[in-house]
Amino acid sequence: LTKIVSGEGNVMGGSLILNSFTDTSKYHSLRATLDEMMHNNDIPTPFDTDLRVLETNSRLFLSRSHQINVTAMRLAEYFVSKWEKGVLSELYYPGLHHNIAARANKALYDTVMRISPVSGSHIAGYGCLMSFVIAEPYSASIFFDHLELNKGPSL
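Described in the following lines is the structure provided in the data block.

Conventions we followed
Residues numbered from 1 in each chain as written. Predicted model: local features only at pLDDT ≥ 70, side-chain atom pairs only at ≥ 80, totals over all residues. Heavy atoms only, no water. Helix = DSSP H or I, 4+ residues; strand = E, 2+ residues; numbered from the N terminus. Rg over C-alpha atoms; globule rule 2.2 N^0.38 Å. Buried < 20%, exposed > 50% of the residue type's maximum accessible area, 1.4 Å probe, protein only. Contact = heavy atoms within 4.5 Å. Areas by Shrake-Rupley, 256 points an atom, 1.4 Å probe, with all protein chains shown as cover. Lys, Arg positive; Asp, Glu negative; His and termini not counted. Charge placed at Lys NZ, Arg CZ, Asp CG, Glu CD. Core = buried A, V, L, I, M, F, W, Y, C linked by side-chain atoms within 4.5 Å. Salt bridge = Lys/Arg side-chain N within 4 Å of Asp/Glu carboxyl O. Expected span 1.5 Å × (residues − 1). Polar contact = N/O pair within 3.5 Å; in protein donor to acceptor, adjacent residues only side chain to side chain. Phe/Tyr/Trp six-rings, centres within 6.5 Å; stacked < 30°, edge-to-face > 60°.

1. Some details on the overall build of the protein
Along the protein, the regular secondary structure elements total six helices and two strands. Sequence-ordered secondary structure for the protein, helices as α and strands as β, is α-α-α-α-β-α-β-α. Taken over C-alpha atoms, the radius of gyration comes to 20 Å for the protein, far larger than the 15 Å a tight globule of 155 residues would show. For the protein, the spread of C-alpha atoms along the principal axes amounts to about 55 × 40 × 35 Å. For the protein, buried positions account for 19% of its 155 residues. Here the contacts in the protein between residues at least 6 apart in sequence split such that 49% fall between residues at least 24 apart. Working note: accessible area of the protein is about 12000 Å², and carbon and sulfur atoms make up 60% of it. A distance of 7 Å separates the average location of the 13 positive side-chain charges in the protein from that of its 15 negative side-chain charges.

Have a look at this one:
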């Protein structure tokens with residue numbers, strides 16, 4: 001949550017969303033547990049300073065989000081050329097339409113994207129998360145070893 005909203009590495013936070021429509025028995029159990037934890041003050045509240053830093057950093061969220069969407073789409077389109085050449089065996093990004101499955105995913109994603117009341121078009125992008133599978137295991141390890149990014153589980 002805070003990687004995109006904040007845009008800086010100086011504050012961290014998260015969120016929890018319970019969906020009562022998927023499994024009501026689990027929802028009610030989790031909701032009761034969370035209610036009890038809140039009643040007992042077992043859920044820590046954020047520090048005021050962290051909230052101020054997050055609010056200040058979030059002021060550039062819209063421009064940062066736009067740039068993230070543009071960059072991710074360009075990267076995804078580049079990966080389509082690799083998929084077409086057989087370098088990638090799988091490529092998943094909701095903004096793509098390079099095969100039947102991708103077109104179906106894009107169509108589904110588009111149904112839940114927010115629409116601008118002014119322009120009537122989508123106001124968001126497809127985000128920054130994508131996944132792909134490199135066709136040859138040896139090539140995958142070479143790619144990973146030469147990738148100049150943080151390789152930990154960080155979103």
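What follows continues from the structure just given.
2. Describing the nonpolar core
In this structure, L91, Y93, L96 and M130 are the most contacted members of the largest nonpolar core, which totals 13 residues. The element contributing the most residues to this core is helix α4 (residues 61-84), with five residues. Excluding residues within four positions of it along the chain, L91 makes contact with A76, F79, V80, W83, L96, H98, S131 and F132.

3. So, the pattern of salt bridges
Considering all chains together, one arrives at three salt bridges under this definition. Where R59 meets E55, a salt bridge forms, and the shortest distance between an N and an O atom there is 2.8 Å. For E55, a relative accessible area of 39% corresponds to the partly exposed category. Here K106 makes a salt bridge to D110, at a shortest N to O gap of 2.8 Å. Note that K106 and D110 are positioned in helix α5 (residues 100-112) at a spacing of four residues, about one turn of the helix. Like D110, K106 is buried.

4. Regarding α4
Helix length check: α4 (24 residues) gives 34 Å between terminal C-alpha atoms against 34 Å at 1.5 Å per residue, within 8%. The complete set of buried residues in α4 reads R64, S65, N69, A72, M73, A76, F79 and V80. Looking at the buried side of α4, the elements it contacts are α1 (2-6), α3 (48-57), β1 (88-92) and β2 (131-134). In the stretch just after α4, G86 is the one whose phi turns positive, near 85 degrees.

5. Let's talk about helix α2 (residues 24-39)
Taking 1.5 Å as the rise per residue, α2 with 16 residues should run 22 Å; its terminal C-alpha atoms sit 22 Å apart, in good agreement. N41 lies just past α2 and shows a positive phi near 60 degrees.

6. Here's the deal with the side chain of R64
Structurally, the position occupied by R64 is in helix α4. E8 provides the closest opposite charge to the buried, salt-bridge-free R64, at an N-O distance of 5.9 Å. Within polar-contact distance, the side chain of R64 engages the backbone oxygen of V5 at 2.6 Å. Discounting chain neighbours no more than four positions away, the residues touching R64 are I4, V5, S6, G7, N57 and S58.

7. Notes on the packing of aromatic side chains
For the structure shown, the criterion picks out five aromatic pairs. Seen from their ring centres, Y93 and Y126 are 6.4 Å apart, and the 65 degrees between their planes marks the pair as edge-to-face. Pair noted here: Y93 is in the loop between β1 and α5 and Y126 is in the loop between α5 and β2, with a separation of 33 residues, a long-range link. Considering the side-chain rings of Y109 and Y126, the 5.3 Å spacing of their centres and the 45 degrees angle between planes classify their relative orientation as tilted. Residue Y109 is found in helix α5, and its partner Y126 is found in the loop between α5 and β2; the two are separated by 17 residues along the sequence. Residue class for Y109 comes out partly exposed when judged on its relative accessible area of 30%. Clustering of aromatic rings is evident, with ring pairs tying together Y78, F79, F132 and F143.

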